[in-house]
Amino acid sequence: MSLLEVQDLTTAFMTGRGEVNAVEDVSFSLNEGEILGIVGESGSGKSVTALSIMGLLPSPPARIAAGQVRFAGQTLTGLSERQMQPIRGPGIGMIFQEPMTSLNPVFSIGDQIMETIRAHERLPQAQLRARAVAMLDKVGIPAAARRLDDYPHQMSGGQRQRVMIAMALACRPRLLIADEPTTALDVTIQAQILDLLMDLRDEFGMAIIIITHNMGVIAETADRVLVMYAGRVIEEAPAARIFDHPRHPYTRGLLECVPSLTEDRARLVAIPGTLPEPARRPAGCRFAPRCAHAEPSCTQAVPALESLEPSHTAACFRARELSR
Amino acid sequence: MIRLATRSLLSAIPVLLIVSLISFGLMRLIPGDPAAAIAGISATPAQIAQLRQDLGLDEPLLFQLLQYYKGLFQGDFGRSLLLGKGVLAATAERLPVTIGLSLYAMIFTLIIGIGCGIIAALRQNSWVDQAAMMFAMIGISVPNFFLGLLMIILFAVKLGWLPSGGYIPFTENPWGWLQSTAMPAFSLALLQAGLLARITRSSMLEVLRQDYIRTARAKGLPGRVVIFKHALSNALIPIVTVVGIIVSLLLSGAVVTESLFSLPGMGLLLTQAVLNRDYPMVQGGLLLVTGFLVAVNIAVDMLYAVLDPRVRYD
Ligand SMILES: Nc1ncnc2c1ncn2[C@@H]1O[C@H](COP(=O)(O)OP(=O)(O)O)[C@@H](O)[C@H]1O
Ligand code: SF4
Ligand SMILES: [Mg+2]
């Protein structure tokens, strides 16, 4: 049985123009120790997917409108805030895109790491401290014991992200969700943080969901890839296949402009047009207005994910004929 | 931290200087003669002139001012013309009443204001939020002397739960003090509590949106730790600034409240001093009250640094 199973997840937001689905019919699963990459342009629903799994979306306006999330055999959707608490931390840890604002400015980093452990385990103060120092050491903060009493504003962005990782891993989670962990960092620091995550995966053996808009990051890390567009999964395959035989025109577009890790600014500009907002999505295939291969029939219905090969699915009416 | 303290102390000097100048000047600008006031209606002009000379009021203004400052530097605040005792002694007698009342009101303000603000923010847009904000609005818009009157009528006259006036010093009977000062303190507090509730609510809402709150929840911390540790400690930072202002507002509001409830505090003392043109008492009393306020505000600045490490390490 897989560690995480997401089935037909649909997350809706109440907005001024009524309820819109930020994420629609998303399904995937993840095995123990596996690294799944979720890639897509900004606004495609990656963060909402991750936050839905963690139960961290503000409600209202957010609501899990359909589907379910199962983690280690337990159904998470529908759990109360209190019931989610023991899962967050020892079950699933999460790090975020914004290292500068994700740490509380008025508490020392040692305090913030130790309170995480204390929330889930009974340990004497000395052991809490030792564990916090060990975690900081593992994430590569030099002179860890002396940095314990430092405040976030005394650290650089890269160091803060290391602290976030130390905090998320302090309770040895079985799954780590990293939502654009390197996007806000300098390119040289980005590579260091990714290396660190890979090392820690080897050491702790946790599964990772790494979320990014950067195919370069996927190439460095993921075993398997989920491509999202306008709230839906449009392709899923092992990482090697995605790079060798992408089947969806959008995925190919993404690959044509792979920003290497060293020049992040190139981003995803090669696909003309922009991602539609949830309330303004076109009928039928949501990618149609930007797709070079679009035909009139593409706007008649939403293409479903179709299995093209074992463990390779794509949601495009013309996937088979185009990839010949 | 030490630099911050020195800086605040230094900036207090011009404040005190200006306040002393203004109180000196204003008293002499308003018409009326302290000698006439002291001597009474039946005094002859000659008696009054003699009194003026005895009190040094016939000297040139500049000379009087210099004499005043000379006294201050020697720690001498002068003698009250009316009471026949030292300004310092009179203040020492009355200021504790006012400070006690303000402190009492401050405690009401903090409990009601911060409590309502937090509850309203946590239940944003619910009926609890709306009810709390309506009470805040009432507190802000109803003048506190009017509220005081209503309370006297209801609790003292109609229900007879609390004494309507009469002051029992804390040192004599703490419980009696708590009772006799409850109504004045509450009526004084309500305006400030309303303001504080609104500020706390918006500060809290702002903080609850921050990324570090999401982090705290993502770590699996219990709800009370997220709210009272992570959110409140940040929401309090802007509130502390307001608390410094609230102390000043409470002290000045205490003047009105004291006369309404006939509490023998600084308000009553200074009102009588002004009416009787008791120059030294007004000058010295104002200066001492200002000094107290300045000290409170310095303490608040320090508190700010304690709460916010970014200020502490600058
Ligand atoms: N709090 C919110 N209220 C309304 N809409 C939201 C909210 N958060 C996200 N959305 C919508 O959900 C969609 C997906 O956002 P998100 O998951 O953050 O994208 P990304 O793939 O960049 O992480 C966006 O179109 C956004 O407009
Ligand atoms: S379904 Fe049509 S429009 Fe959509 S991606 Fe495929 S070819 Fe393009
Ligand atoms: Mg995102």
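Please refer to the structure placed before this passage.
Let me sum up the structure you'll find in this document. The structure displayed is predicted, hence computed values, not measured ones. Within any chain, residue numbers begin from 1 and follow the written order of that chain's sequence. Here chains are named by letter from A upward and ligands by number from 1 upward, in the order in which they appear as written. The predicted origin of the model limits local features to residues at a pLDDT of at least 70 and limits the giving and counting of side-chain atom pairs to 80 or more, whereas totals for whole chains, interfaces and linings rest on all residues. With hydrogens and water excluded, all non-hydrogen atoms of the structure serve as input to the side-chain values.

## What to know about the pairing of strand S11 (residues 306–309) of chain A
Residue and element names in this part refer to chain A. Applied cut-off: Two strands qualify as a pair provided that DSSP identifies no fewer than 2 bridges between them. Per the convention used, a helix needs a DSSP run of H or I reaching at least four residues, while a strand needs a run of E reaching at least two, with both numbered from the N terminus.
As paired strands, S11 and strand S12 (residues 312–314) are joined by 3 bridges and run antiparallel to one another. Residue serine 307 lies in a different strand from S12, and its bridge partner there is threonine 313. Between the antiparallel neighbours S11 and S12 lie 2 residues, among them serine 311 with a positive phi of about 60 degrees.

## Remarks on the pattern of salt bridges
Residue and element names in this part refer to chain A. Our working rule: A pair is scored as a salt bridge if a Lys or Arg side-chain nitrogen falls within 4 Å of a carboxyl oxygen belonging to Asp or Glu. For every residue, the accessible area obtained with a 1.4 Å probe (protein chains only) is divided by the maximum for its type, and the residue is called buried under 20%, exposed over 50%, and partly exposed between those limits.
Going through the model one piece at a time under the given rule, you end up with 31 salt bridges over all chains. The salt bridge partner of glutamate 180 is lysine 46, with a shortest N-O separation of 3.8 Å. Placement of glutamate 180 in the loop between strand S7 (175–179) and helix H7 (187–204) and of lysine 46 in helix H1 (residues 46–54) is noted, with a sequence separation of 134 residues between them. On the accessibility criterion, glutamate 180 (7% relative accessible area) is buried. For lysine 46, a relative accessible area of 4% translates into the label buried. What emerges from the salt-bridge pattern is a single network uniting Glu24, Asp25, Arg232 and Arg286.

## Remarks on the interface of chain B and chain A
Convention followed: Contact criterion: two residues are considered in contact whenever any of their non-hydrogen atoms come within 4.5 Å of each other. Buried surface area refers to the total accessible area, computed with a probe of radius 1.4 Å, that the two partners give up upon joining, counted for both partners together. Polar contacts, as used here, are pairs of N or O atoms within 3.5 Å; protein pairs need one atom able to donate a hydrogen and one able to accept it. Residues neighboring in sequence count only if both atoms are side-chain atoms.
Of the residues lining the interface, 22 residues belong to chain B; the matching set on chain A comes to 29 residues. Together, the buried faces of chain B and chain A total about 2,300 Å²; carbon and sulfur atoms form 54% of this surface. Three residues, Arg214, Arg217 and Lys219 of chain B, lead the burial of chain B against chain A; their summed loss comes to 28% of the area buried on that side. Put simply, chain B and chain A have 5 salt bridges between them. With a closest N to O distance of 2.9 Å, lysine 229 of chain B and aspartate 111 of chain A form a salt bridge. On the surface where chain B and chain A come into contact, there are 14 residue pairs in polar contact (both at pLDDT 80 or more). Listing elements by their share of the side of chain B that touches chain A, those giving two or more residues are helix H9 (211–218), helix H10 (223–261) and helix H13 (309–312) of chain B. When residues in the side of chain B that touches chain A are grouped by element, the largest group, 7 residues, is from H10 of chain B.

## A closer look at the site of ligand 1
All names here are of chain A. Applicable threshold: Here, proximity means that at least one heavy atom of the residue falls within 4 Å of the molecule or strand. All residues other than Ala, Val, Leu, Ile, Met, Phe, Trp, Tyr, Cys, Pro, Asp, Glu, Lys and Arg, Gly among them, are scored as polar; the first ten of these are nonpolar and the last four charged.
By nearness alone, every residue bordering ligand 1 is listed as Phe13, Ala22, Glu41, Ser42, Gly43, Ser44, Gly45, Lys46, Ser47, Val48 and Pro278. Within the backbone of glycine 45, an N or O atom sits 3.0 Å from an oxygen atom of ligand 1. Contact between ligand 1 and lysine 46: an oxygen atom at 2.9 Å from a main-chain N or O atom of the residue. The leading source of residues in the shell around ligand 1 is H1, at 3 residues. Tallied by class, the residues present in the shell around ligand 1 amount to 4 nonpolar, 5 polar and 2 charged.

## Details of the sheet that holds strand S1 (residues 4–15) of chain A
Residues and elements named next belong to chain A. Taken together, 4 strands build an open sheet; the order of strands is S2-S1-S4-S5 and the sheet is antiparallel. For this open sheet the edge positions go to strand S2 (18–30) and strand S5 (74–75), each flanked by a neighbour on one side alone. Bridging between S1 and strand S4 (residues 62–71) involves 8 bridges; their strand directions are antiparallel. The residue of S4 that forms the bridge with valine 6 is valine 69.

## Notes on the sheet that holds S11 of chain A
All names here are of chain A. Counted only if it meets this: Only C-alpha atoms enter the line fits that serve as axes; for helices the fit covers just the stretch in contact. Angles between N-to-C directions range over 0 to 180 degrees.
Pairing is mixed across the open sheet formed by 8 strands, whose spatial order is S6-S7-S8-S3-S9-S10-S12-S11. The sheet terminates laterally at strand S6 (92–95) and S11, the two strands that pair on one side only. In this sheet, adjacent strand axes meet at a mean angle of 20 degrees when their direction is disregarded. With 4 bridges connecting them, strand S3 (residues 35–39) and strand S9 (residues 224–229) associate as parallel partners. Bridge pairing in S9 links leucine 36 to arginine 224. Across the sheet, H1 lies against S3, S6, S7, strand S8 (207–212) and S9, angled at about 145 degrees from S6, the strand it touches most.

## Some points on a nonpolar patch on the surface
Residue and element names in this part refer to chain B. To keep things clear, this is the line we draw: Each patch is built from residues lacking any salt bridge and having more than 30% relative accessible area; the joining distance is 9 Å for like charges and 5 Å for nonpolar side chains (Val, Leu, Ile, Met, Phe, Trp, Tyr). For every accessible area listed, the method is Shrake-Rupley and the probe measures 1.4 Å; residues are considered covered only by the protein chains on display.
A contiguous nonpolar patch, built from Phe145, Phe146, Leu149, Leu150, Val255 and Val256 and spanning about 490 Å² of accessible area, is present on the exposed surface. Of all the elements in the fold, those that place two or more residues in the nonpolar patch are helix H7 (144–158) and H10. Here the nonpolar patch gets 4 residues from one element, more than from any other, and that element is H7. Structurally, phenylalanine 146 can be placed in helix H7. With relative accessibility at 42%, the residue phenylalanine 146 sits in the partly exposed group.

## Points about the packing of aromatic side chains
Residues and elements named next belong to chain B. The following threshold applies: Pairing of aromatic side chains here covers Phe, Tyr and the six-membered ring of Trp, requires ring centres within 6.5 Å, and sorts the geometry by plane angle: under 30 degrees stacked, over 60 edge-to-face, intermediate tilted.
All chains considered together, the criterion is met by 10 aromatic pairs over all chains. Plain terms: the ring middles of tyrosine 104 and phenylalanine 108 are 5.3 Å apart, the flat faces sit at 10 degrees to each other, and that makes the pair stacked. Linking tyrosine 104 with phenylalanine 108, this pair stays in helix H5 (residues 87–122), spanning 4 residues, or about one helical turn. Judged by relative accessible area, which is 23%, phenylalanine 108 ranks as partly exposed. Three or more aromatic residues link up through ring pairs in this structure, and these residues are Tyr104, Phe108, Phe170, Trp177 and Phe186.

Function-wise, these values are silent; they only describe arrangement.
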